[in-house]
Each structure stands twice: as C-alpha cells, then as structure tokens.
Amino acid sequence: MLTLDHLEMRWGDWRLTANLSVPTGARVALIGPSGAGKSTLLAAIAGFQMPDAGRVLWDGEDLARKAPAERPVSILFQDNNLFPHLTASQNVGLGLRPDLKLNAEQRAQVKAALARVGLADLGARKPGQLSGGQAARVALARALLRQRPLMLLDEPFGALGPALRAEMLDLVVEIAGETGATLLIVSHDPDDAKRIAGQVIFVEGGKAQPPVGTAEIFAHPPPALTAYLGT
C-alpha cells in the first residue's frame with residue numbers, strides 16, 4: 001500500500017497537502033487544474049522532490065532515505081525521458097543497468113520488453129527516428145523491464161492523438177495487470193480516468209483528496225470538480 005502520511009509540499013506561498021492511501025494494485029488517476037500539484041505529488045513519491053513535512057510510505061516503509069533509483073518506482077514523463085544518442089534498445093537497457101554493461105540474459109530481456117510493446121524490429125533506431133507513439137512505447141518497455149511495484153505516469157501520452165493515446169493506456173493497463181503494479185496516472189482528460197482508473201484523486205485548492213471511485217466522482221462531482229470540468 002502507498003501512503004502519503006500528512007504530506008506537505010511548499011513553494012513560496014504555494015502549499016499542497018495530502019493525507020491518503022492507495023491500495024496495492026489499484027489504478028488511480030490524478031486530475032485537477034494545471035498547477036494544482038499533481039506532478040509534484042508524483043515527484044515526491046519518486047524521490048525527485050523532498051516533502052517539507054510528512055512521509056511517503058510503501059508497505060509501511062518510509063522512503064525518505066531512499067534515492068530515486070532505490071525506490072520501488074518506475075515513472076514515465078510527458079517527454080518520455082529518452083536519451084537521443086542511444087538506440088531504443090539501449091534506452092530500454094538503462095532500466096537494468098545504467099552503465100549498459102548487459103549480459104546475454106539481460107539483452108534477451110530487453111528484446112522481450114521491446115517485443116511486448118510492439119517494437120521487436122526497432123531496437124536499433126534512435127529516438128529521433130521514432131514516432132511519438134513509438135517513443136512512448138520505448139519508455140513503457142523500460143518501465144516494464146524495471147518491474148517496480150509502483151508505476152507513475154505523468155501525462156506521458158498527452159501529445160498523442162485520441163486513438164493512439166487510448167491504445168497506449170490499454171497497454172499500460174495490460175502491463176500493470178501482468179506485473180501487479182500499483183498505477184498512478186496524471187491526466188487532464190477525464191476520459192483517460194474513466195478508461196483505465198478505478199479511483200480518482202482530485203487535486204485542487206492546495207489539497208489532494210483521498211481516492212474516490214471513478215464512477216462515483218463523475219456521477220456526483222463535488223462543486224470544485226464541476227468547475228474544473230466546466231459542466
């Protein structure tokens with residue numbers, strides 16, 4: 001279980017609090033206005049930003065002393081965070097070894113991960129030779145290879161068209177289901193939440209609300225969510 005225990009993030013006059021838990025294996029969408037703090041929450045969980053107060057717990061363990069690479073987390077960013085001078089296979093291989101000194105078994109794992117996301121024949125291409133959807137698949141293959149129990153997605157498919165974005169979301173759900181990963185996804189599109197998330201965390205007004213069932217929150221939205229959605 002992921003627990004944000006009286007977490008507080010501050011930046012000047014801006015403040016965000018979160019006191020909530022996410023069950024293991026859950027699929028949760030974080031929605032809310034731009035600048036509300038959705039990406040900041042993911043950064044705190046991943047270890048890229050340290051909270052000003054409170055704790056991030058995974059199965060009861062405080063992650064404060066763990067560097068990002070040591071945390072039980074894989075994260076996909078909007079820009080996919082691929083290195084342009086490396087091939088797709090090398091970018092995926094970074095999920096196993098940052099120095100890319102892979103043995104035969106690890107190279108086979110890289111090939112299998114690329115095949116799993118539909119890129120079996122594109123391992124030699126560099127990011128500049130890939131479409132947006134293909135680059136997203138490379139990043140997803142790297143996350144798959146890391147096999148971490150927490151998968152965080154910070155709008156990695158926001159630049160894709162609706163059909164391709166839906167395809168990528170479905171693939172994420174498949175992979176999370178196979179690995180048993182807990183999935184948190186930041187999105188500005190309510191349809192993304194309705195498509196893949198069983199629960200929603202609404203972030204607004206300096207607070208991340210505890211998770212609520214997706215069908216429930218959209219059927220009976222609180223006033224702040226109604227204002228955000230414009231309905």
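Please read all numbers here as calculations on a predicted model, not as lab measurements.

Cut-off values and rules
- Residues numbered from 1 in each chain as written.
- Predicted model: local features only at pLDDT ≥ 70, side-chain atom pairs only at ≥ 80, totals over all residues.
- Heavy atoms only, no water.
- Helix = DSSP H or I, 4+ residues; strand = E, 2+ residues; numbered from the N terminus.
- Rg over C-alpha atoms; globule rule 2.2 N^0.38 Å.
- Buried < 20%, exposed > 50% of the residue type's maximum accessible area, 1.4 Å probe, protein only.
- Contact = heavy atoms within 4.5 Å.
- Areas by Shrake-Rupley, 256 points an atom, 1.4 Å probe, with all protein chains shown as cover.
- Polar contact = N/O pair within 3.5 Å; in protein donor to acceptor, adjacent residues only side chain to side chain.
- Salt bridge = Lys/Arg side-chain N within 4 Å of Asp/Glu carboxyl O.
- Core = buried A, V, L, I, M, F, W, Y, C linked by side-chain atoms within 4.5 Å.
- Phe/Tyr/Trp six-rings, centres within 6.5 Å; stacked < 30°, edge-to-face > 60°.
- Lys NZ or Arg CZ within 6 Å of the ring centre and 35° of its normal.
- Axes fitted to C-alpha atoms, helices over the stretch in contact; angles between N-to-C directions.
- Parallel < 35°, antiparallel > 145°, perpendicular 65-115°, else oblique.
- Nonpolar A, V, L, I, M, F, W, Y, C, P; charged D, E, K, R; others polar.
- Expected span 1.5 Å × (residues − 1).
- Pairing = 2+ DSSP bridges.

> Mind laying out the overall build of the chain, listing which residues take part and the relevant values?
Check the secondary structure of the chain and you find eight helices and eleven strands. Against the compact-globule benchmark of 17 Å for 231 residues, the chain has a radius of gyration of 18 Å, which places it among compact chains. When the backbone C-alpha atoms are referred to their principal axes, the chain occupies close to 50 × 40 × 30 Å. In the chain, which comprises 231 residues, the proportion classed as buried is 48%. Here the contacts in the chain between residues at least 6 apart in sequence split such that 68% fall between residues at least 24 apart. For the chain, the accessible area works out to roughly 10,900 Å², and carbon and sulfur atoms hold 51% of it.

> Tell me about the side chain of N91, residues and numbers included.
Inspection of the secondary structure assignment puts N91 in helix α2 (residues 88-93). A polar contact of 2.8 Å, which involves the side chain of N91, links it to the backbone nitrogen of F83. Apart from residues no more than four positions distant in its own chain, N91 is found in contact with L82, F83, L86, P127, V138 and R142.

> Outline the pattern of salt bridges, listing residues and values.
Inspection of every chain in the model, using the stated rule, returns eleven salt bridges. Residues joined in a network through salt bridges with shared partners are E8, R10 and R15.

> Give me the lowdown on the environment of L41, citing residues and values where you can.
In this fold, L41 is placed in helix α1 (residues 38-46). With 117 residues separating them along the chain, L41 and G158 place their C-alpha atoms 18 Å apart. Apart from the residues within four sequence positions on either side, L41 is in contact with L4, L7, L16, A18, L30, V203 and A208.

> Account for the nonpolar core, with residues named and values stated.
Within the largest apolar cluster, 43 residues are counted, with the highest numbers of intra-cluster contacts made by V92, L140, L153 and F157. Per-element accounting of this core gives the leading share, nine residues, to helix α4 (residues 132-146). Excluding residues that lie within four positions of it along the chain, F157 makes contacts with A136, R165, M168, L169 and V172.

> Which residues make up the environment of P72, and what values do they have?
Among the structural elements, P72 can be located in the loop between β5 (61-62) and β6 (73-76). For the pair P72 and A197, spaced 125 residues apart in sequence, the C-alpha separation works out to 21 Å. When residues no more than four places from it in sequence are discounted, the contact partners of P72 are W58, L63, R148, P149 and L150.

> Quick rundown of the packing of aromatic side chains? Include the residues and the values.
Centre distance and the angle of the planes are the two values used to describe a pair of aromatic rings. Taken as a whole and judged by the stated rule, the model has one aromatic pair. Above the ring of F218, the side-chain terminus of K194 is found at 4.8 Å from the ring centroid.

> Could you give an account of the packing of α4 against helix α5 (residues 162-179), with specific residues and numbers?
For any two helices packed against each other, the geometry is given by the interaxial angle and the distance between the axes. For the pair α4 and α5, the least separation of the axes is 11 Å and the interaxial angle reads 10 degrees. With respect to their mutual orientation, α4 and α5 come out roughly parallel. Residues G133, A136, R137, L140 and L144 of α4 form the contact with α5, whose participating residues are L164, E167, M168, L171, V172, I175 and T179. For the contact of α4 with α5, a count of residues per class yields eight nonpolar, two polar and two charged.

> Tell me about α5, and name the residues and values.
Relative to the 26 Å expected for 18 residues at 1.5 Å per residue, α5 spans 26 Å between its end C-alpha atoms, a close match to the ideal helical length. Every buried residue of α5 is listed here: R165, A166, M168, L169, L171, V172, I175 and A176. Looking one or two residues past α5, G180 carries a phi angle of roughly 75 degrees, positive in sign.

> Explain the pairing of strand β2 (residues 14-22) residue by residue, including any values.
Bridge count between strand β1 (residues 2-11) and β2: eight bridges; the pairing is antiparallel. Among the inter-strand pairings, T3 is bridged to a residue of β2, identified as S21. Where β1 folds back on β2, the antiparallel hairpin that results is connected by two residues, among which G12 adopts a positive phi of roughly 65 degrees. Both β2 and strand β10 (residues 207-208) contribute to a ladder of two bridges, which runs parallel. The partner of T17 across the bridge, within β10, is K207.

> Tell me about the side chain of T40, residues and numbers included.
Among the secondary structure elements, T40 is positioned in helix α1. Residue T40 is classed as buried on the basis of its relative accessible area of 15%. In contact with T40, not counting residues within four places along its chain, are M9, W14 and Q49.

As far as function goes, none of this settles anything; it's purely spatial.
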